Amino acid sequence: MEPVSESELSEMIAGADGPLRVVGGGTRPVGRPVEGATLSVARLSGVVDYEPGALTLVVKAGTPVAEVERVLAAEGQRLPFEPMDHRGLLGTKGASTIGGVVAANVSGPRRIQAGACRDYLLGVRFVDGTGRILKNGGRVMKNVTGYDLVKLMAGSRGTLGVLSEVSFKVLPEPPAAAVLHLGGLDDARAGEAMYAAIRSPFEVTGAAHLSDETSGGTSKTLIRIEGFDASVSYRAGRLADLLADFGEVTIERDKAEIARDWRALRDVAAFHGRAGDVWRYSVRPTQGATLGALLRAMGARALQYDWGGGLVWALVPEGADMRPDRLDGHATLIRADEETRTRLPVFQPEVPPIQKISQALRDRFDPRGILNPGLMG
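Residues numbered from 1 in each chain as written. Predicted model: local features only at pLDDT ≥ 70, side-chain atom pairs only at ≥ 80, totals over all residues. Heavy atoms only, no water.

Trainee: Requested: an account of the environment of Gly15, with residues and values cited.
Mentor: Within the fold, Gly15 resides in the loop between helix 1 (6–14) and strand 1 (20–23). Spatially, the C-alpha atom of Gly15 lies 48 Å from that of Ala207, the residues being 192 residues apart in sequence. (Helix = DSSP H or I, 4+ residues; strand = E, 2+ residues; numbered from the N terminus.)

Trainee: Let's hear about unusual backbone geometry: which residues, and what values?
Mentor: Its identity is not glycine, yet Leu55 carries a phi of approximately 60°, on the positive side. With a relative accessible area of 22%, Leu55 lands in the partly exposed category. For Trp307, which is not glycine, the phi torsion reads 50° and is therefore positive. Mapped onto the secondary structure, Trp307 falls in the loop between strand 15 (302–306) and strand 16 (311–316). Its relative accessible area of 9% is what places Trp307 among the buried residues. (Buried < 20%, exposed > 50% of the residue type's maximum accessible area, 1.4 Å probe, protein only.)

Trainee: So what's going on with the sheet that holds strand 15? Residues and values would help.
Mentor: In space, the eight strands of this open sheet follow the order 13-10-12-11-15-16-14-17, with antiparallel pairing throughout. Edge positions in the open sheet fall to strand 13 (250–252) and strand 17 (329–335), since each of these has one partner strand only. Across the sheet, the axes of successive neighbouring strands diverge by a mean angle of 20°, strand direction being ignored. Running over the sheet, helix 11 (residues 288–297) touches strand 14 (277–283), strand 15 and strand 16 and is turned about 165° from strand 15. (Pairing = 2+ DSSP bridges. Axes fitted to C-alpha atoms, helices over the stretch in contact; angles between N-to-C directions. Contact = heavy atoms within 4.5 Å.)

Trainee: Kindly report on the pattern of salt bridges, identifying the contributing residues and their values.
Mentor: Enumeration over the complete set of coordinates arrives at 18 salt bridges. Between Arg132 and Asp128 there is a salt bridge, with the nearest N and O atoms lying 2.6 Å from each other. Overall, the relative accessible area of 34% leaves Arg132 in the partly exposed class. A salt bridge links Asp267 to Arg266, with the nearest nitrogen and oxygen atoms 2.7 Å apart. Here Asp267 and Arg266 have matching classes, each one buried. Salt bridges sharing partners connect three or more residues here, namely Arg78, Glu82, Arg110, Glu173, Arg224, Glu226 and Lys255. (Salt bridge = Lys/Arg side-chain N within 4 Å of Asp/Glu carboxyl O.)

Trainee: Explain a nonpolar patch on the surface residue by residue, including any values.
Mentor: Taken together, the side chains of Val351, Ile354 and Ile357 present a nonpolar region at the surface, about 270 Å² in accessible area. Looking at the secondary structure, you find Ile354 in helix 13 (residues 352–365). With relative accessibility at 42%, the residue Ile354 sits in the partly exposed group. (Patch = residues over 30% accessible without salt bridge, like charges linked within 9 Å, V, L, I, M, F, W, Y side chains within 5 Å. Areas by Shrake-Rupley, 256 points an atom, 1.4 Å probe, with all protein chains shown as cover.)

Trainee: How would you sum up the packing of aromatic side chains? Please name residues and give values.
Mentor: This structure, assessed with the given rule, holds four aromatic pairs. For the ring pair Phe81 and Tyr120, a centre distance of 6.4 Å and an interplane angle of 35° mean the geometry is tilted. In this pair, Phe81 is assigned in the loop between strand 5 (77–78) and helix 3 (87–90) and Tyr120 in the loop between helix 5 (111–114) and strand 6 (121–127), connecting sequence segments 39 residues apart. When sorted by exposure, Phe81 lands in the same class as Tyr120, which is buried. Ring geometry for Phe81 and Phe168: centres 5.8 Å apart, planes at 35°, overall tilted. Of this pair, Phe81 sits in the loop between strand 5 and helix 3 while Phe168 sits in strand 8 (residues 162–169), and the two are 87 residues apart along the sequence. In this structure Phe81 comes out as buried when scored by relative accessible area, which is 0%. Owing to a relative accessible area of 0%, Phe168 belongs among the buried residues under this scheme. An aromatic cluster is defined as three or more aromatic residues linked by ring pairs; in this entry it consists of Phe81, Tyr120 and Phe168. (Phe/Tyr/Trp six-rings, centres within 6.5 Å; stacked < 30°, edge-to-face > 60°.)

Trainee: Explain the sheet that holds strand 8 residue by residue, including any values.
Mentor: Spatially, 3-4-8-6-7 is the arrangement adopted by the five strands of the open sheet, whose pairing is antiparallel. Each end of this open sheet is capped by a strand with a single partner; those strands are strand 3 (47–51) and strand 7 (133–137). Taken pair by pair, the neighbouring strands of this sheet meet at an average axis angle of 10°, ignoring direction. With five bridges joining them, strand 4 (residues 56–60) and strand 8 adopt antiparallel strand pairing.

Trainee: Break down the pairing of strand 16 for me, citing the residues and quoting the values.
Mentor: Counting buried positions over the six residues of strand 16 gives six, a clear majority of the element. Pairing of strand 14 with strand 16 involves six bridges; the strand directions are antiparallel. Paired with Asp277 across the two strands is Val316, which belongs to strand 16. Here strand 15 pairs with strand 16 via five bridges, running antiparallel. From the neighbouring strand, Asp306 faces strand 16, where its bridge partner is Leu311. Taking the residues that link successive antiparallel strands as the turn, the strand 15-strand 16 hairpin has four residues, and the phi of Trp307 there is positive, at about 50°.

Geometric values such as these leave the question of function open.
Here it is, written out as structure tokens:
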């Protein structure tokens, strides 16, 4: 099922007599396997409206992310939340779509400074499980009453409705960047360095750490700064002084090299092509190293830290349940075979009050339970 218009999408959902597996480009199948007819929005593609002066962009949900980035780059602008490309990690093909990014609330390393995908989402149009066409928000930031469907749709993974159009606030591409490198720190010490950098007044836009086994030898800690050239030079120098107690600091200024390195961090390239399942953990930054030590004790083979320690990626033995008891955060099974994704909870189990709210929302927007049923289990 490949609708070419919003009205056709509405008709297909309204006329469905069984479960629907909703996909965009099919590049990030995270969640439990879904049975049913495949409903793809990939042909709902194209830029609806772009106003560079107003920093707003409206696109159809099936538009490839690469196309969105090309359009923005031509005007010296970008998506502020730096969405990850899952294809290398998951071994998938095809073109990642902007609707898929929104549906999964995909947010990259810049989240610690700029915020998440949902923070730049101005408006949505979507079709719910009954075939109704709904819209919420617009092309400017404003308060809303009733359901804030813009925020609800970000991260709902197609379980509340199928996105047909999304509106964003975008930002200018900064002209300069710098990355501070520290080598040889253990996870705990690296966590302290990243936390010190993030708490500083120097507007860090990325803080990541590759442990020894992830970097292929000596661990690497990277701190990113972006902005105007003179400001970047000043802030990088001051931040290097601040971090001097953690060891020798080197500074990379080549913007193309920085972009390549940070793209690899964003996409967890260190785990590409390596055997094993992949788990993703969201915790307080100060708890990242503690969690990493626990994961190693449970059998983790390699670790990567992002968001200053608040995002932990773990490469682990296949089929293992790597959700620690009493985890103060969220664990998500990102890569595993179908048997493991069926047997284990893929997402962090919700506490009863939140579970009740989630179910009420699904009952409201998909009363027949046909949109990606069981995906979030």
